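# Examination of the molecular architecture
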Amino acid sequence: MAPGAATVDYTITAWHNGGCIITLSQDNQKTWTKIGEDKTCGIQSKNPSGRGSINVVMPSGTYNAVLRWTYTADNGGSPNEIFTNCADISVSASGNNKHDKVEFLGPAASGFVALAKSPSKYFDSSCPSAGASLCSSNKAFINKCIKLGAGGGFPGGSSWYSIQLNGVDTCSGSGVPPPPTSKTTKKATATTPPKPNNGKPCPVTADNSLLLPIPKGKTCVDVKHACQTYCFDNKWYEIQRNQCFSEDPVKSTAIQWCQCNNVIYYGVAFGKPTTACPK
């Protein structure tokens, strides 16, 4: 992308009233700056298609950042649900903010272009195995094969996702997979991470069994970010669950679940991951 005016498109499939904002973080998600909003994105009478565009202004300079879309419902909940989606971006004078209205979910609506399936742009189970790498032309990013488990009507699958290099992974080349180190290569397999301890996990037969504390001053956004970072930094790329909802800011609790490579972790947001149920 380039500094200056740009446009962010969104698609909502279930209306809960409320509005959307676009925020930007240039310090690895420590702080966020609002750069655009649509106060009626979730009101069905005002946005019957569920699709829309938000005008934003990208700050000047050359930098890598995280762009976040946040939809906060307003349907009488206490607290209301929050939905987010993020993208790692690179901004410089040589970039561009060309805008094509793209439909990510199914056939294109009027004025939108259907996104073709490809290894880097569509969740189509096309990458070989969880944890596989694909180099990016920008050395600050790497494409990782991420596998998500089935849930909420989603059948599960895998695809390439671009993430910022975290000091654990390295990549060479430009837009091609890293070269093999020998004539024969081993097929990458998902590994089960070692458990921090042998504590008994919480029962998972009911959501209320996973009502757990969250750090003071933090929100579900922070909890989910901590889960993703913990799994990725340990090279565990099979994400079965990364959930946090029904947040109670007074009691500092929320229903949450962090599970990667078939192991459930608690206390990740506190920096003390454990497999023992904290209750």
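These lines cover the structure that appears in this document, whether it is placed above or below. (Residues numbered from 1 in each chain as written. Predicted model: local features only at pLDDT ≥ 70, side-chain atom pairs only at ≥ 80, totals over all residues. Heavy atoms only, no water.)

## Let's talk about the side chain of T70
As a reminder of what qualifies: A run of DSSP states H or I qualifies as a helix once it reaches four residues; a run of E qualifies as a strand once it reaches two. Both are numbered from the N-terminal end. Throughout this description, buried means an accessible area under 20% of the type-specific maximum (1.4 Å probe, protein chains only), exposed means over 50%, and partly exposed covers the range between. It only takes one pair of heavy atoms within 4.5 Å for two residues to be counted as in contact.
Looking at where T70 falls in the secondary structure, it is placed in strand 5 (residues 63-72). A relative accessible area of 9% means that T70 is categorised as buried. Setting aside its immediate chain neighbours within four residues, T70 contacts G19, C20, I21, I82, F83 and T84.

## A word on helix 1 (residues 220-233)
Here is the rule we go by: Helix span is expected to be 1.5 Å times the residue number reduced by one.
The end-to-end C-alpha separation of helix 1 is 20 Å, in line with the 20 Å expected for 14 residues at 1.5 Å each. For helix 1, every residue scored as buried is listed here: C220, V223, A226, C227, Y230, C231 and F232. Where helix 1 ends, the next residue or the one after it, K235, has phi of about 60°, a positive value.

## A word on unusual backbone geometry
Leaving glycine aside, a negative phi is the common case for residues, and trans is the common case for peptide bonds. Positive phi, close to 45°, is recorded for N261, a residue that is not glycine. Along the chain, N261 turns up in the loop between strand 14 (253-260) and strand 15 (263-265). Positive phi is not limited to glycine here, since N262 has a value of about 70°. By relative accessible area, which is 55% here, N262 ends up exposed.

## Comments concerning the packing of aromatic side chains
Convention followed: Ring geometry is summarised as follows: Phe, Tyr and Trp rings, the Trp one being its six-membered ring, pair when their centres sit within 6.5 Å, and such pairs are stacked at plane angles under 30 degrees, edge-to-face over 60 and tilted between the two.
The final tally for this structure, using the stated rule, is six aromatic pairs. With a centroid separation of 5.6 Å and an interplanar angle of 25°, the aromatic rings of Y71 and F83 are classed as stacked. In this pair, Y71 sits in strand 5 while F83 sits in strand 6 (residues 82-91), placing the two residues twelve residues apart along the sequence. In this structure Y71 comes out as buried when scored by relative accessible area, which is 2%. Each ring, one from W236 and one from Y265, has its centre 5.7 Å from the other, and the planes form 5°; the classification is stacked. Separated by 29 residues along the polypeptide, W236 in the loop between helix 1 and strand 13 (238-248) and Y265 in strand 15 bring together distant segments of the chain. Considered together, W236 and Y265 belong to a single accessibility category, that of buried residues.

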